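# Descriptive structure summary
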Amino acid sequence: MRHVISALVQNTPGVLAHVAGMFSARGFNIDSLVVGRTDDPRFSRMTIVAIGDDRTIEQVRKQLDKLVTVVRVRDFQDTEYVERDLMMLRVAATPEKRAEIIELVGLFRGRVIDVAKQSLTIELSGTEHKLEALIDLLRPYGIRELARTGVIAMQRGRQSDGRTEDDEQ
Amino acid sequence: MSNESSKSGKSYVGLTGAQMFNEMLVEEGVEVLFGVPGGVLLPIFDALHKSTVPFILTRHEQGAIHMADGLARSTGKVGCCLATSGPGATNLITGLANAYMDSVPLVAITGQVRSTLIGNDAFQEVDTTGITRPVTKHAVLVKKAEDIGRCMSEAFHIARTGRPGPVVVDIAVDATTAKLTEEPSLEHDLPGYRLKTTVHMRQIKMAVDAINEAQRPVLYVGGGVIISGATEALRALAHKARIPVTTTLMSMGTFDESDPLALQMLGMHGSASANYAVQDCDLLIAVGARFDDRVTGKVDTFAHKAKIVHIDIDATSISKNVRADIPVVGDAKDILEKMLPLIESKDRSQWLAQIAQWKAKYPFRYVPNAKVKPQAVIEAIGKLTNHDAIIATGVGQHQMWTAQFYGWRRPRQFISSGGLGTMGFGVPAAIGAQFGNPGKLVIDVDGDGSFSMTMVEIMTAVRYNQPVKIVVLDNNYLGMVRQWQELFYGKRYSGVHHPCPDLAGIARAMGATGLRVSEPSDVEDSIRTMINTEGPVVLVADVEPEENVFPMVAAGKSLHEMDMGRLA
Ligand SMILES: Cc1ncc(C[n+]2csc(CCOP(=O)(O)OP(=O)(O)O)c2C)c(N)n1
Ligand SMILES: [Mg+2]
């Protein structure tokens, strides 16, 4: 089972090593781990996508919470939340294929951020699922380079009407 | 955020970082500091020169940290040690891991190279916080004088609260030479360190209901009971509800073994009565214990007829190895005291009759012969010390026999490496316990292999007049490994023969009294002589070399599938 877990951590040296070390020492599998600043300079946010059965994930959550430098841990499982992954992708694109690719990217609400003679660089954000769908479609053209940030997530606001881009796909 | 340490209202302006370090030792009530100096510690040692905190120079940093550990285990106070950068710090690793596995409160201070050199492979530089993080509760690097006070105060706070553990404070040398120009803040900055203060009454009620309904309950208690000071609450609860109690290696003595409800130790070398009771019980109440594999045997069949209540302060311990039906997270003493008035008095005579029958049928036993039996030595020590001494051990057969045969009466009496199983722990741990308990009788029951690893610290005991007594059960083997080779590898002894020179003579050369006993009939007298001789004494007992520890639950077997060995 895939869980998205968010941890607010103290912005001190070694925190990333501590968290990553704990995961490897305890044999937990992680798909992605993203660290970024928050609005408060004292804290960073880590978003971790972990795979495991309920018992393993429960251990992951508790072990994270136990680290002195981890302030708060939340598992988004069973909550209403939105998640986003950001991707940059350079795909081979001869002038003849360019329009075709741009159209595909447009359908995904992606953006072309760089155009070269033989390639296009595309930016797309969305769920992992959505990103993978575009990757699959572009693969036949020849993917030259691909970079993804990994997932970040947030609980939905309470007054939210519940509609987001996800639903449109 | 707590701010325990600035209550004195003192001014620290004008002190160097090293002097501030010393102030913090005083403020935290450190009674002795164990360690070895080195280049980056020179400023600190200069501050210690005038300190009221005595510094104990050990022969090895491992000795220093195990001494701090022995002091902490035997007193409940935070142990403290000091080591230089590089090899000094790496020599602490075993001691840190040892304390971490057994939840022992320690603060280990290490020197670090100048902050501007960090990362440059400077002389005696290692990434101490990086290396120690996986084996400590917390590890911090301090690069500025003004952070020394706060970081030290936080370290002691973290070490002693919640589930205790070792904390490393790695201090760059330039932080110790710099002067404090402003009043340093000692206020803790630990937003991620929250202590659990409230317990769910709902969980307590569920646990109580389960206990009141149980026909065949067993209390399985671990080191957490000692740490939280729950010994009396445990006794009251066990007696009111008439529940038999089995203890782990970490909690020997927290339930008086002369009590009819005592099942003694459980697990791989536990008593048959404890193991049968656990396998037959309908409710297992685990308190401050963590279902270690040496306790559970084959985990799928552990307490397989029972519902499991698990009381522990560390939420990660719950359902980690064995799923708890009723988890109760919090302090053991607090929880047991809240449960007590809700527990119904029961007689449970049928269950207790069964327990009594097992106890009568399967006491810990051995077969005497013409040689000195190691178990007999331990029984004699128990008898001649009135079961009241502080006993440390190494790791191996002698450790298991000590747990089985001494006859434990009170908590903090048994000082032994449980989780890590660290050979060499005994000698320094006993010395540390002696420092923490002046005037009390402290005995290290050691194996020849374990003793050899750290016996050099006898010199420390001699120098600082610590009258520890050390009994070496000398079987000329790494006995525990030999036992496994005998039982599971067709007696193909490989790398376990351990011929010893005259260990009593070595002890004498180090300034201790050295004694030797080789005849069963002399055992009691030699122990009496040892106890009555002033100063450190090493008594070497030439014991039956191929004696085995029984009962034994082989790896992968269930607790009820014990091998009773030649005792059956
Ligand atoms: C530092 C360390 N190295 C190796 C081991 C593995 N080991 C466990 S028990 C044991 C033998 C201990 O021999 P001794 O101290 O003589 O005790 P005995 O079993 O003979 O009573 C060994 C080598 C260990 N526990 N610790
Ligand atoms: Mg031996």
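## Regarding the coordination of the magnesium ion (ligand 2)
Residues and elements named next belong to chain B. Here the magnesium ion (ligand 2) is held by Asp-448 (OD), Asn-475 (OD1) and Tyr-477 (O), and the distances to it run 2.1 Å. In the primary sequence, the donor residues of the magnesium ion (ligand 2) line up as D-x26-N-x1-Y. Highlighted residues: Asp-448 in helix α19 (residues 448-454) and Tyr-477 in the loop between β16 (469-474) and α21 (479-488), separated in sequence by 29 residues. Tyr-477 matches Asp-448 in its accessibility class, with the two residues each being buried.

## Quick look at the nonpolar core
Residues and elements named next belong to chain B. If you look at the biggest cluster of nonpolar residues, it comprises 48 residues, and the most contacted ones within it are Phe-34, Cys-81, Phe-435, Phe-451, Ile-458, Ile-470 and Val-538. Counting only domains with at least three residues in this core, you end up with domain 1 (17-177) and domain 3 (374-551). Counting 40 residues, the second largest nonpolar core, distinct from the first, contains Val-40, Phe-45, Val-107 and Ile-171.

## Concerning the packing of helix α12 (residues 272-280) of chain B against helix α15 (residues 349-361) of chain B
All names here are of chain B. Between α12 and α15, the least distance of the axes is 9 Å, while the angle of their chain directions is 150°. Crossing of α12 against α15: the hand is right-handed. When α12 is examined against α15, the residues Ser-273, Tyr-276, Ala-277 and Asp-280 are found in contact with a partner set consisting of Trp-351, Ile-355, Trp-358 and Lys-359. Partitioned by chemical class, the residues of the contact of α12 with α15 number five nonpolar, one polar and two charged.

## Points about the site of ligand 1
Residues and elements named next belong to chain B. Contacts to ligand 1 come from 17 residues, most closely from Gln-397, Gly-421, Gly-449, Ser-450 and Gly-479. One of the backbone nitrogen or oxygen atoms of Gly-479 is found 2.8 Å away from an oxygen atom of ligand 1. With the chains in place, 76% of the 590 Å² that ligand 1 exposes on its own is no longer accessible. Sorting the residues of the shell around ligand 1 by element identifies α17 (397-405), α19 and α21 as the ones contributing at least two each. A per-element tally of the shell around ligand 1 places α19 first, with four residues. When grouped by side-chain class, the residues that make up the shell around ligand 1 number seven nonpolar, nine polar and one charged.

## Here's the deal with the domain arrangement of chain B
All names here are of chain B. Domain parsing of chain B yields domain 1 (17-177), domain 2 (201-361) and domain 3 (374-551). The C-alpha-based centres of domain 2 and domain 3 are spaced at 30 Å. Contact residues are listed per partner, giving 19 residues for domain 2 and 20 residues for domain 3. Of the roughly 1500 Å² buried where domain 2 meets domain 3, counting both sides, 62% is carbon and sulfur surface. Contact with domain 3 buries surface across domain 2, with Leu-249, Met-252 and His-269 losing the most and accounting together for 38% of the total.

## Focus: the pairing of strand β18 (residues 537-542) of chain B
Residues and elements named next belong to chain B. Burial of β18 is extensive: five of the six residues sit out of reach of the surface. Across six bridges, the pairing between β16 and β18 is parallel. Bridge pairing links Val-472 to Val-540 in β18. For strand β17 (residues 513-517) and β18, the ladder comprises five bridges, and the chain directions are parallel. Its bridge partner lying in β18, Val-517 is registered against Ala-541.

## Details of the pattern of salt bridges
All names here are of chain B. Per the stated rule, a full pass over the model turns up 41 salt bridges over all chains. Linking Arg-160 and Glu-28 is a salt bridge whose minimum nitrogen-to-oxygen distance equals 2.9 Å. Of this pair, Arg-160 sits in helix α7 (residues 145-160) while Glu-28 sits in the loop between α1 (17-27) and β1 (33-35), and the two are 132 residues apart along the sequence. On the basis of relative accessible area, Arg-160 is assigned to the partly exposed category, the value being 34%. Residue classification places Glu-28 among the buried positions, given a relative accessible area of 14%. Here Lys-305 and Asp-280 are joined by a salt bridge, their closest N and O atoms 2.6 Å apart. Taken together, the positions of Lys-305 in the loop between α13 (293-296) and β11 (307-312) and Asp-280 in helix α12 put the pair 25 residues apart, joining distant regions of the chain.

## Points about the side chain of Ser-271 of chain B
Residue and element names in this part refer to chain B. Looking at the element boundaries, Ser-271 is found in the loop between β9 (262-265) and α12. Exposure remark for Ser-271: the relative accessible area of 1% places this residue in the buried category. Only 2.7 Å separates the side chain of Ser-271 from the backbone oxygen of Leu-263, close enough to count as a polar contact. If we ignore the near neighbours within four places in the chain, the residues touching Ser-271 are Leu-263, Gln-264, Met-265, Phe-364 and Met-562.

## Focus: a nonpolar patch on the surface
A cluster of nonpolar residues, Leu-487, Phe-488 and Tyr-489 of chain B, forms a patch on the protein surface that exposes about 280 Å² of accessible area. As for its position among the elements, Leu-487 of chain B is in helix α21.

## Let's talk about the environment of Gln-19 of chain B
Residue and element names in this part refer to chain B. Secondary-structure assignment places Gln-19 in helix α1. For Gln-19, a relative accessible area of 31% gives the class partly exposed. Put simply, Gln-19 and Lys-50 are 31 residues apart on the chain and 9.7 Å apart in space, counted from C-alpha to C-alpha. Those residues in contact with Gln-19 that lie beyond four places of it in its chain are Gly-14 and Ala-47.

## Overview of the packing of aromatic side chains
Residues and elements named next belong to chain B. Tallied over the full model, the rule gives 17 aromatic pairs over all chains. With a centroid separation of 5.7 Å and 35° between ring planes, the pair formed by Tyr-276 and Trp-358 is classed as tilted. In this pair, Tyr-276 is assigned in helix α12 and Trp-358 in helix α15, connecting sequence segments 82 residues apart. Among the residues examined, Trp-358 registers a relative accessible area of 14% and is labelled buried. The cationic tip of Arg-482 hangs over the ring face of Tyr-477; the distance from NZ or CZ to the ring centre is 5.5 Å.

## Overview of the domain arrangement of chain A
Residue and element names in this part refer to chain A. Parsing chain A into structural domains produces domain 1 (2-79) and domain 2 (82-152). Summarising the inter-unit geometry, the C-alpha centres of domain 1 and domain 2 are found 29 Å apart. Counting from both sides, the interface comprises six residues of domain 1 and, opposite them, six residues of domain 2. Summing the contributions of domain 1 and of domain 2, the shared interface buries around 480 Å²; its carbon and sulfur component is 50%. Summed over the three residues of domain 1 that lose the most area to domain 2, namely Arg-2, Val-34 and Thr-47, the buried surface amounts to 67% of that side. Between the two partners, domain 1 and domain 2, sit two salt bridges. The salt bridge partner of Arg-2 is Glu-128, with a shortest N-O separation of 2.7 Å. Here domain 1 and domain 2 share two residue pairs in polar contact (both at pLDDT 80 or more) between them. Secondary structure elements with two or more residues in the side of domain 1 that touches domain 2: β1 (2-10), β2 (29-37) and β3 (43-51).

## Let's talk about helix α3 (residues 61-75) of chain B
Residue and element names in this part refer to chain B. Taking 1.5 Å per residue, 15 residues should reach 21 Å; α3 reaches 21 Å between its end C-alpha atoms and fits that length. Of all 15 residues in α3, 14 are buried, a share of seventy percent or more. At the C-terminal side of α3, Gly-76 shows a positive phi close to 85°.

Calculation rules
- Residues numbered from 1 in each chain as written.
- Chains lettered and ligands numbered in written order.
- Predicted model: local features only at pLDDT ≥ 70, side-chain atom pairs only at ≥ 80, totals over all residues.
- Heavy atoms only, no water.
- Donors = N, O, S within 2.8 Å, 3.2 Å for Na, K, Ca; no water.
- Helix = DSSP H or I, 4+ residues; strand = E, 2+ residues; numbered from the N terminus.
- Buried < 20%, exposed > 50% of the residue type's maximum accessible area, 1.4 Å probe, protein only.
- Core = buried A, V, L, I, M, F, W, Y, C linked by side-chain atoms within 4.5 Å.
- Domains from an automatic or database assignment.
- Axes fitted to C-alpha atoms, helices over the stretch in contact; angles between N-to-C directions.
- Left-handed = near helix turned anticlockwise from the far one by under 90°.
- Contact = heavy atoms within 4.5 Å.
- Nonpolar A, V, L, I, M, F, W, Y, C, P; charged D, E, K, R; others polar.
- Near = heavy atom within 4 Å.
- Polar contact = N/O pair within 3.5 Å; in protein donor to acceptor, adjacent residues only side chain to side chain.
- Areas by Shrake-Rupley, 256 points an atom, 1.4 Å probe, with all protein chains shown as cover.
- Buried area = accessible area lost by both parts, 1.4 Å probe.
- Pairing = 2+ DSSP bridges.
- Salt bridge = Lys/Arg side-chain N within 4 Å of Asp/Glu carboxyl O.
- Patch = residues over 30% accessible without salt bridge, like charges linked within 9 Å, V, L, I, M, F, W, Y side chains within 5 Å.
- Phe/Tyr/Trp six-rings, centres within 6.5 Å; stacked < 30°, edge-to-face > 60°.
- Lys NZ or Arg CZ within 6 Å of the ring centre and 35° of its normal.
- Expected span 1.5 Å × (residues − 1).

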